[in-house]
Amino acid sequence: MTDSERAQSSNRPIGVFDSGIGGLTVLKEIIRMLPRENTIYLGDTARVPYGTRSPETVIRYSFENTKFLSTKEIKLLVIACNTASSISLDAIKKSVSIPVIGVIEPGAKAAVKATRNKRVGIIGTDATIMSNAYTNVIKALDERIEIYGIPCPLFVPLVEEGWTEGNIATLVAKEYLKGIKEKGIDTLVLGCTHYPLLKKVISEVMGRGIRLIDSAVEISDEITKTLEALKIIRKEGNRPVRKFYVTDAPQKFLKLGERFLGKKINHIEKVTVWI
């Protein structure tokens, strides 16, 4: 690649997709660590949540999202959805020529590094827990670690409705987490990009001394390393462009998205990604 081609590639955006609004936790960290990068976010809000879908359906949705973002000439694809990462990542990697990064491996590595008593909990959607994606990566890194996974499907609609604090969120969290709390874990992986938005409630329910692993932070570090290795990190140029696309309810996304992202969303468009 020539210097001119590399400069052109550097200006291409990073593409991010999630089933809804939860992937904004990943985008927020990308913007924090790589503030010069152009970004495009796709929230498949018409079909959220993915966690209750069959593997075949999740793969189809993931390919449709990838095809849409590929038309925007992205330089790197981020699957900011644990369900899609656990089921679709390998297939998507084989289908495109750009780097593809999911949230599973960075979060699993961080959990292995964080645990002291070798007892790790994982919470996620039904599909993520059933896939054993986190378990497989963690065990490959350290087979001595005991892993306890619990699906928490109601967490996603709670976040989508904006109920991230208060009595309802606390009661649901207590009900889900009481079993995993009894296992004596010292590290808990938030295995869904929606879940960091419930971090305060989850932390209060789990109690002091429990390390919460937020994959959004970990994946941003891997994105940075990948762009640096390929020498296509954007170091200069005009103010970065941030575009947002959703498949349904743009005004609802805008209202919640600005709060979760901590930034104003200037460009949002409703699109159809399926045929």
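Here we summarise the structure given alongside this text. (Residues numbered from 1 in each chain as written. Predicted model: local features only at pLDDT ≥ 70, side-chain atom pairs only at ≥ 80, totals over all residues. Heavy atoms only, no water.)

1. As for helix H11 (residues 215-230)
- Over its 16 residues, H11 runs 23 Å from end to end, which matches the ideal 22 Å to within 8%, given 1.5 Å per residue.
- Among the residues of H11, Ser215, Ala216, Ile219, Ser220, Ile223, Thr224, Thr226 and Leu227 are the ones counted as buried.
- Of the residues flanking the start of H11, the one acting as N-cap is Asp214, its side-chain oxygen 2.9 Å from the backbone nitrogen of Ala216. (Helix = DSSP H or I, 4+ residues; strand = E, 2+ residues; numbered from the N terminus. Expected span 1.5 Å × (residues − 1). Buried < 20%, exposed > 50% of the residue type's maximum accessible area, 1.4 Å probe, protein only. Polar contact = N/O pair within 3.5 Å; in protein donor to acceptor, adjacent residues only side chain to side chain.)

2. Looking at the sheet that holds strand S4 (residues 100-102)
- Taken in spatial order, the six strands of this open sheet run S4-S3-S1-S2-S9-S10, and their pairing is parallel. The open sheet has two edge strands with one neighbour each: S4 and strand S10 (268-270). Along the sheet, successive strands turn relative to each other by an average axial angle of 20°, direction set aside.
- As judged from the five bridges shared by strand S1 (residues 14-18) and strand S2 (residues 39-43), these two strands associate in the parallel manner. (Pairing = 2+ DSSP bridges. Axes fitted to C-alpha atoms, helices over the stretch in contact; angles between N-to-C directions.)

3. Points about the nonpolar core
- Counting residues in hydrophobic clusters, the biggest one holds 55 residues, and the most contacted among them are Val78, Ile123, Phe155 and Ile223.
- If one sorts the elements of this core by residue count, helix H9 (residues 167-181) sits on top with six residues.
- With sequence-adjacent residues up to four places away left out, Val78 is seen in contact with Ile14, Gly15, Val16, Phe17, Val26, Ile30, Ile101, Ile219 and Ile223.
- Membership of the second largest hydrophobic core comes to 20 residues, among which are Ile40, Tyr61, Ala84 and Val273. (Core = buried A, V, L, I, M, F, W, Y, C linked by side-chain atoms within 4.5 Å. Contact = heavy atoms within 4.5 Å.)

4. Focus on the packing of helix H5 (residues 104-114) against H11
- Look at H5 against H11: their axes get within 8 Å of each other, and the N-to-C directions meet at 110°. Considered as vectors, H5 and H11 are oriented roughly perpendicular to each other. Regarding H5 and H11, the two cross each other, and that crossing is right-handed. For the pair formed by H5 and H11, the contact residues are Pro106, Gly107 and Ala110 on the first element and Ser215, Glu218, Ile219 and Glu222 on the second. (Parallel < 35°, antiparallel > 145°, perpendicular 65-115°, else oblique. Left-handed = near helix turned anticlockwise from the far one by under 90°.)

5. Structural notes on helix H7 (residues 133-141)
- Ala133, Tyr134 and Ile138 are the residues of H7 that are buried. One side of H7 carries all its buried residues, which in axial view fall inside an arc of 120°. (Arc of directions from axis to C-beta.)

6. Considering the pattern of salt bridges
- Counted by the stated rule, this structure contains 16 salt bridges.
- One salt bridge connects Glu146 with Arg119, and the closest N-O pair in it is separated by 3.2 Å. Here Arg119 lies in strand S5 (residues 119-124) and Glu146 lies in strand S6 (residues 146-151), a separation of 27 residues in the sequence.
- Judged by its relative accessible area of 23%, Arg119 is partly exposed. (Salt bridge = Lys/Arg side-chain N within 4 Å of Asp/Glu carboxyl O.)

7. Some remarks on the pairing of strand S8 (residues 211-214)
- Pairing between strand S7 (residues 187-191) and S8: four bridges, direction parallel. Its bridge partner lying in S8, Val189 is registered against Ile213.
- Handedness of the crossover joining S7 and S8 through helix H10 (residues 199-206): right-handed. (Right-handed = clockwise from strand over helix to strand, strands pointing away.)

8. What to know about the sheet that holds S6
- An order of S6-S5-S7-S8 is seen for the four strands of this open sheet, with the pairing classed as parallel. Of all strands in the sheet, those with a lone pairing partner are S6 and S8, marking the two edges. For this sheet, the mean inter-axis angle between neighbouring strands, taken without regard to orientation, is 25°.
- The pairing of S5 with S7 spans five bridges and is parallel. Along S7, the bridge assignment pairs Gly121 with Leu188.
- Taken strand by strand, H7 contacts S5, S6 and S7, and its axis lies near 155° from that of S5.

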